[in-house]
Amino acid sequence: MPFVGLGLHFLIALFFAIHALRTGRQMYWLIILFSFPLLGSVAYFFAEYMPASKLNRGVKQVSNIALGLLDPTRELRDARQAFDLTPTVQNRMRLAAALDGAGQYNEAVQQFDACLNGPFANDPEVCFGAAKAKFHNKQPHLATELLLDIRNKFASFRPEELSLLLAQSYAASEDNTNARIEFSHAADTFGSPDTRAHYALWAANTGDVETAKSLRATLEKDWQHWNKHTRSLYSALFNEIDAALAKKAS
């Protein structure tokens, strides 16, 4: 029996060693894991594996949502304080994103523009954040330019989010031809509730009732399989679609 236990400890240590090699952890972890299989595995689990796990990321996401509901201005306060203390580009980017999240779009655009004039001008994260802020700030033409530039330079960067925001920017610019092309591309390529719901809402608002109803019917089928939390996330958007369809029918 002791040999079985020892073998199990070694297999666990081997699992964590493979994880360490694949994720580029420090090589001293291999020495620790194979010198002390049991204690080394426990130490690696809590120090390296768990913080990077999907479960832990999920817990952090839920915690961040809860904190946002309890104190919605916390991230903006923290980001502004960090930038005031250390005005680095990274802290400016964080502040710009926090301003956009807080609905202070004009200042968010100013902060992102400052980032675009610096060494991170071609960073896709910065450009995408700037595009979102400009879209929110009712500057869809400028958002479109940034998004098309990202797509041309970084084809694999956030393809679904970029496609949806680009479609919305076209729509806000009243370029319905390109908006339809992009909405259709997003819905057909990714088929997520987000893409379909926003496409349906746009279609209903522009009088394309047939497309809106078709997408709404597909979403209704998905709705039957969603849990209570997922339904709550999309209920407001579904209500907007229904209201737009009802308005066109009246």
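This section reports on the structure supplied with the text. Counting starts from 1 at the beginning of each chain's written sequence and moves along it residue by residue. Since the coordinates come from a predicted model, pLDDT governs what is reported: local features require at least 70, and pairs of side-chain atoms require 80 or more to be given and counted, while whole-chain, interface and lining totals use all residues. The basis for the side-chain values is all heavy atoms of the structure; hydrogens and waters are excluded.

Our focus in this paragraph is the overall build of the protein chain. Helices and strands together make up the secondary structure of the protein chain, namely 14 helices and 0 strands. The helix count covers DSSP runs of H or I at least four residues long, the strand count covers runs of E at least two residues long, and both are numbered beginning at the N terminus. Along the protein chain, helices and strands appear, N-terminal first, in the series α-α-α-α-α-α-α-α-α-α-α-α-α-α. For each residue, the accessible area found with a 1.4 Å probe, counting protein chains only, is set against the maximum for its type, and the residue is called buried under 20%, exposed over 50%, and partly exposed in between. Within the protein chain, the fraction of its 250 residues that count as buried is 34%. Residue contacts follow a heavy-atom distance rule, with two residues in contact if any of their heavy atoms lie within 4.5 Å. When contacts within the protein chain are restricted to residue pairs at least 6 apart in sequence, long-range pairs at least 24 apart make up 43% of them. Approximately 15200 Å² of the protein chain is accessible, and the part contributed by carbon and sulfur atoms is 59%. Residue exposure ignores everything except the shown protein chains as possible cover, and the areas themselves are Shrake-Rupley values with a 1.4 Å probe.

Attention now moves to the side chain of Ser169. Mapped onto the elements, Ser169 comes out in helix H10 (residues 159-172). Once residues lying within four places of it in the same chain are set aside, the contact partners of Ser169 are Phe135, Pro140, Ala143, Thr144 and Leu147.

The term salt bridge refers to a pairing of a side-chain nitrogen on Lys or Arg with a carboxyl oxygen on Asp or Glu at a separation within 4 Å. Counted under the stated rule, the structure contains 12 salt bridges. A salt bridge links Glu75 to Arg94; its shortest N-O distance comes to 2.9 Å. Of this pair, Glu75 sits in helix H5 (residues 74-85) while Arg94 sits in helix H6 (residues 89-101); the two residues are 19 residues apart in sequence, bridging distant segments of the chain. The exposure class of Glu75 is partly exposed, given its relative accessible area of 38%. Accessibility expressed as a relative area gives 34% for Arg94, which makes it partly exposed. In this structure, Glu182 engages Arg151 in a salt bridge whose closest nitrogen and oxygen atoms are separated by 2.7 Å. On the criterion of sequence distance, the pair formed by Glu182 in helix H11 (residues 176-190) and Arg151 in helix H9 (residues 140-153) is long-range, its members being 31 residues apart.

Any two rings among Phe, Tyr and Trp, with Trp reduced to its six-membered ring, count as a pair given centres within 6.5 Å; such a pair is stacked if its planes are under 30 degrees apart, edge-to-face if over 60, and tilted if neither. Counted under the stated rule, the structure contains 8 aromatic pairs. Between Trp223 and Phe238, the aromatic rings sit 5.1 Å apart at their centres with planes inclined by 35°, giving tilted as the arrangement. With Trp223 in helix H13 (residues 209-223) and Phe238 in helix H14 (residues 228-249), this pair connects stretches of sequence that are 15 residues apart. Among the residues examined, Phe238 registers a relative accessible area of 3% and is labelled buried. Put simply, the rings of Trp223, Trp226, Tyr234 and Phe238 touch in pairs and so form one group of aromatic residues.

Right, let's get into H5. Multiplying one less than the number of residues by 1.5 Å gives the expected span of a helix. Here H5 is 12 residues long and its end C-alpha atoms lie 16 Å apart, about the 16 Å a rise of 1.5 Å per residue gives. Buried within H5 are the following residues: Leu76, Ala79, Ala82 and Phe83. Buried residues in H5, looked at end-on, bunch into an arc of 130°, giving them a common side. Every exposed residue of H5 that faces more than 90 degrees away from the buried side is listed here: Asp84 and Leu85. Of the surrounding secondary structure, the elements contacted by the buried residues of H5 are H6. Each direction from the helix axis to a C-beta atom contributes to the arc, which is the arc of those directions.

Residue types Ala, Val, Leu, Ile, Met, Phe, Trp, Tyr and Cys, when buried and joined through side-chain atoms within 4.5 Å, form a set referred to as a nonpolar core. Membership of the largest hydrophobic core comes to 50 residues, with the highest contact counts inside it found for Phe128, Leu147, Phe183 and Ile241. No other element matches the 7 residues that helix H12 (residues 193-205) contributes to this core. Excluding its chain neighbours within four sequence positions, the residues that come into contact with Leu147 are Phe128, Ala131, Leu162, Leu165, Leu166 and Ser169. Core analysis: the second largest hydrophobic core is formed by 8 residues, Ala17, Leu30, Leu33 and Tyr44 among them.

So, about the environment of Glu174. Secondary-structure assignment places Glu174 in the loop between H10 and H11. The exposed category is assigned to Glu174, whose relative accessible area is 69%.

Surface patches are defined over residues having more than 30% relative accessible area and no salt bridge, joining like charges when they lie within 9 Å and nonpolar side chains (Val, Leu, Ile, Met, Phe, Trp, Tyr) when within 5 Å. On the surface, Phe10, Leu11, Leu14, Ile18 and Phe34 cluster together to form a nonpolar patch covering roughly 440 Å² of accessible area. Here Ile18 is to be found in helix H1 (residues 2-22).

Assignment of secondary structure puts Gln111 in helix H7 (residues 105-116). With a relative accessible area of 12%, Gln111 lands in the buried category. Once residues lying within four places of it in the same chain are set aside, the contact partners of Gln111 are Arg92, Leu95, Ala96 and Leu99.

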